[in-house]
Each structure stands twice: as C-alpha cells, then as structure tokens.
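# Secondary and tertiary structure notes
The primary structure of each chain is shown beneath.
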Amino acid sequence: MSMPLNGPVIRRSSPLRASKIVVPMTVGALVIGGATAVFGFADYPVDSLAPEQVTGRWVSTTREAPGELTIALDGSAYSTNLTILDPHYSNPPIVVAQGLTAEGGWVIGGDNVSVVLEDDGRRIQFPLLARSSPFQGLTLRTYVGDPDGPVQERVFVRED
C-alpha cells in the first residue's frame, strides 16, 4: 500500500467510505470484522528550536553509549561520563571518547543542536537532532553509520 506524504489512508470494506488519518508513520494494522485500520506514531523533526526547549540535563538511553549531557541557557554544555561514537560507518562503531567529563558550548541550527566539548585541548563535535514523539516528548538523537546502510541511533531524554 502506498502512503501519501501526510499519512496513511484507512480503507474500509466499503469502497465509498475512506477516511484519512494524518500521522507521521505507520507502525501497525488492525483488522476487525473485515475492516482494516492502519495506525501508528513515530518521532518527527521539530521545525525550529528555542533555547529553552533544549536546556537541561539529558541522559542517554543507549546502554552501549551511556552518559549525560547538560545544556545550559548561557550557551555552555557539560558532559558527565559520556561516550561519543564516530558518526561515520564502521562495524563495530569507533569510540571517539569514553567516560568523557568535559565542558564546551552549543548552538542551535533548525532542528540541530551542535555541541562542541573540549577535552585536554581536543575539540569533540557532537551533533544532535531534536525529535518529538507522542510517547517520549522531545528527544535529542545522534546517528552513527552510513545513510545508505545500517545506522545506529542513540537517544537522549531530558531528566530534569
């Protein structure tokens, strides 16, 4: 079934009755009495970010790459026990920094948050994409891998 850009189409057993539900992505189907309903929710990009939306303490939900990132309203950023993976494809992923506790800064560009941390004279760039979902709210995510191949996602949720 092809899906229009603004969401899936629900088709019922009667060809005269079709209604449209606007959702970001289809994740399931339900069949009841011969009628099929397609439903789902997924994360979606945030059009533009305000600094107040991203300031706070963010904790990684990824077991393989743990850590915390604190983003302050004054433009500073702090990492605590943070693991940063090289965003380019490698299997297994290359660890750029492990257990990193460092200071730096951040800027917003559209739905991107670019964090730069300083560690013993080394500048580590840490790009994050802001996404929102009905279940998790606003999250910050990094992606590691080839855009045309396998990609690993790392999710940060706000803890404050």
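The structure reproduced in this document is the subject of the present report. (Residues numbered from 1 in each chain as written. Predicted model: local features only at pLDDT ≥ 70, side-chain atom pairs only at ≥ 80, totals over all residues. Heavy atoms only, no water.)

## Structural notes on the layout of surface pockets
Quick note on the threshold: Whether a set of points on the 1 Å grid over the protein atoms alone is a cavity depends on a 1.4 Å probe fitting there but being unable to get out, while an open set qualifies as a pocket with protein on both sides within 12 Å along at least five of seven lines; lining residues are those with an atom within 4 Å of a point. Grid points are joined across faces, edges and corners, and a volume is the space filled by probe spheres set on the points. Secondary structure elements are defined from DSSP: runs of H or I of at least 4 residues count as helices, runs of E of at least 2 residues count as strands, and each element is numbered from the N terminus. For this classification, the nonpolar set comprises Ala, Val, Leu, Ile, Met, Phe, Trp, Tyr, Cys and Pro, the charged set comprises Asp, Glu, Lys and Arg, and every other residue, Gly included, is treated as polar.
Of the voids in this model, the largest pocket is the one considered here, and its volume is about 200 Å³. In this structure, the largest pocket is lined by 15 residues; those nearest its centre are Leu85, Pro87, Pro127, Thr142 and Tyr143. Counting residues per element, the ones that place at least two in the lining of the largest pocket are strand S8 (76-85), strand S11 (122-133) and strand S12 (137-145). It is S11 that provides the largest number of residues to the lining of the largest pocket, a total of 6 residues. In terms of residue class, the lining of the largest pocket is built from 11 nonpolar, 3 polar and 1 charged.

## Here's the deal with the packing of aromatic side chains
Going by this rule: Pairing of aromatic side chains requires ring centres within 6.5 Å, counting the rings of Phe and Tyr and the six-membered ring of Trp. Pairs whose planes differ by under 30 degrees are stacked, by over 60 edge-to-face, and all others tilted.
Enumeration according to the criterion identifies 1 aromatic pair in this entry. With 5.9 Å between their ring centres and 85 degrees between their planes, Phe126 and Phe156 make a pair best called edge-to-face. Residue Phe126 is located in strand S11, and its partner Phe156 is located in strand S13 (residues 151-158); the two are separated by 30 residues in the primary sequence.

## A few points about the side chain of Thr55
To keep it simple, the criterion reads: N or O atoms within 3.5 Å of each other form a polar contact, as long as, within protein, one can give a hydrogen and the other can take it, and as long as residues adjacent in sequence are counted only when both atoms are side-chain atoms. For this analysis, residues touch if any pair of their heavy atoms sits within 4.5 Å.
Examined against the element boundaries, Thr55 turns out to sit in the loop between helix H1 (51-54) and strand S6 (56-60). Within the structure, Thr55 has its side chain in polar contact with the backbone oxygen of Glu52 (distance 3.4 Å). Residues within four places of Thr55 in sequence aside, it is in contact with Ile71, Ala72, Leu73, Trp106, Arg158 and Asp160.

## Topic: unusual backbone geometry
Definition in use: Buried residues are those whose accessible area, probed at 1.4 Å on protein chains only, stays under 20% of the maximum for their type, while exposed residues exceed 50% and partly exposed ones sit between those limits.
Positive phi is not limited to glycine here, since Asn81 has a value of about 50 degrees. Given a relative accessible area of 48%, Asn81 falls into the partly exposed group. Its identity is not glycine, yet Asp120 carries a phi of approximately 50 degrees, on the positive side. Considering the arrangement of structural elements, one finds Asp120 in the loop between strand S10 (112-119) and S11. Judged by relative accessible area, which is 81%, Asp120 ranks as exposed.

## Quick notes on the nonpolar core
Spelled out, the test is: We define the nonpolar core as a collection of buried residues of types Ala, Val, Leu, Ile, Met, Phe, Trp, Tyr and Cys that are connected through side-chain atoms lying within 4.5 Å of one another.
Among the nonpolar cores identified, the biggest contains 23 residues, and Val113, Val115 and Leu140 are the most heavily contacted of them. Residue assignment for this core shows that the elements contributing at least two residues are strand S7 (68-71), S8, strand S9 (95-109), S10, S11 and S12. The contact partners of Val115, leaving out residues within four places of it in the chain, are Leu69, Ala77, Gly105, Trp106, Ile124, Gln125, Phe126 and Leu128.

## Observations regarding the pairing of S13
To keep it simple, the criterion reads: By definition, two strands form a pair when at least two bridges between them are found by DSSP.
Alignment of S6 against S13, held across 3 bridges, turns out to be antiparallel. Opposite Trp58, over in S13, you have Arg158 as the bridge partner. Sheet analysis places S12 next to S13, joined by 7 bridges and oriented antiparallel. In the sheet register, Thr142 faces S13, and the bridge partner there is Arg154.

## Observations concerning the environment of Leu117
Mapped onto the fold, Leu117 is located in strand S10. C-alpha separation for the pair Leu117 and Ala102, spaced 15 residues apart in sequence, amounts to 6.2 Å. If near-sequence neighbours (up to four positions away) are discounted, Leu117 is found in contact with Ala77, Ser79, Leu82, Ile84, Leu100, Ala102, Glu103, Gly104, Arg122, Arg123 and Ile124.

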